[in-house]
Structure formats: structure tokens, C-alpha cells
Amino acid sequence: CLYCKAPHDTFTSDGVCTVCREPTLVCDGCRPALREYHCSGHAYLRNCYFTDLTPYTECELTSQLGELEQHLERMAVGKRYKQKRKTLNKQCDRIKVAIEEIATKSAKTRSTNAAKFCRNCGNVSTKCDGNCWGFHGLDRKNKLDGNSAKEQQGRSVVPSTNKPKSRNRASANQRS
């Protein structure tokens, strides 16, 4: 288990990282205490990065935003952290929107109007009970295979009359 380090080797359909959707190993003892899961690569975001922001108060969201901004300061420069910065900036924007919603609406209206999406497959929770394997399952493979088959049906197959390209320049080890 990623949280209590107890021996556990069974992946579950809902046990995916909230940041990257990587399957995570979380034991049955830790599962009830956690709202969302984080893989070992995103363990530093356990207190500040959540997909579903509706259960949090304005104060909690503000503290999450502050912690995310601290992480952003540590990786502010360089190409190495470009994608991480992009991910954290998107989350900061989502938190700012949630804080604005709390300020303009009541929390009850905010939580009832928000559509819940399955973290695995991306479908609305009315279509999916959360026990699918979605992103990592055969359904995704079948959808991708179906899309590639449709693309191939749309193209006409024309035999190639092009000759293979010949090299005009000798490779470096053959030059004198």
C-alpha cells in the first residue's frame, strides 16, 4: 500500500492517481479515509491536489492554493519542470474558480450542480458506477481500435509508385 506500506498487491478500478490516472495500490484499510489517491510520483501533492473540489471550504481551498504556489516556486525555472508547472497552474486556476463560485453562490448549490465524472473513463457518474477500468481497460482499447478502423475506411488506398530515396551524400565514416 502506498499509504501505510502494508503488503498489498491488488489494483482496483477506482484506485487511480488523481493527477495522472496511474493505477495505485491502496489497501482496504486506507481506502475509507481517503477521498482521492496519489501515486508515488505525486505523493508531494497529497494535501493540495484534488480532482473534486466541491467538498472543500473556501479556507481549505485557499490553503491548497498556497501549497500549490509553494511547489510552483520550487520549480519556477527550466525546461525540466515545464509539464509539472503546466499541471499545477491548471489546478491553481481550477481552485481559483472554485473559490469564486463559493463567494458568489451557496456551497449547497455548488455541490448539487456540479456533474460528477468517473476518474477512469471520463463518463458522467450516471452512466458509470466507478467500477470500470476505463482509461486502463479494454473499453479504451476497443474505442481506439474502432476510431482507427473508421479512419482507414475513410481513406482510399492508392498504390505507391514512388521509388525509394537514394542517398546523395556519403555517411561521415565513408568520407575521406
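This text gives an overview of the structure that appears in the document.

What counts as what
- Residues numbered from 1 in each chain as written.
- Predicted model: local features only at pLDDT ≥ 70, side-chain atom pairs only at ≥ 80, totals over all residues.
- Heavy atoms only, no water.
- Patch = residues over 30% accessible without salt bridge, like charges linked within 9 Å, V, L, I, M, F, W, Y side chains within 5 Å.
- Areas by Shrake-Rupley, 256 points an atom, 1.4 Å probe, with all protein chains shown as cover.
- Salt bridge = Lys/Arg side-chain N within 4 Å of Asp/Glu carboxyl O.
- Lys, Arg positive; Asp, Glu negative; His and termini not counted.
- Charge placed at Lys NZ, Arg CZ, Asp CG, Glu CD.
- Helix = DSSP H or I, 4+ residues; strand = E, 2+ residues; numbered from the N terminus.
- Buried < 20%, exposed > 50% of the residue type's maximum accessible area, 1.4 Å probe, protein only.
- Polar contact = N/O pair within 3.5 Å; in protein donor to acceptor, adjacent residues only side chain to side chain.
- Contact = heavy atoms within 4.5 Å.

Let us now look at a positive patch on the surface. On the surface, a cluster of positive charge is made up of K79, K82, K86 and K90. Residue placement: K82 occurs in helix α2 (residues 82-104). Here K82 falls in the exposed class, since its relative accessible area comes to 59%.

Here we take up the side chain of R31. Counting through the fold element by element, R31 comes out in the segment before α1 (58-74). Engagement of the side chain of R31 in a polar contact is seen with the side chain of Y37, the distance being 3.1 Å. Apart from residues no more than four positions distant in its own chain, R31 is found in contact with T12, D14, G15, V26 and Y37.

Looking now at the side chain of T18. Tracing the backbone shows T18 in the segment before α1. Overall, T18 belongs to the buried group, its relative accessible area being 3%. Engagement of the side chain of T18 in a polar contact is seen with the side chain of E36, the distance being 2.7 Å.

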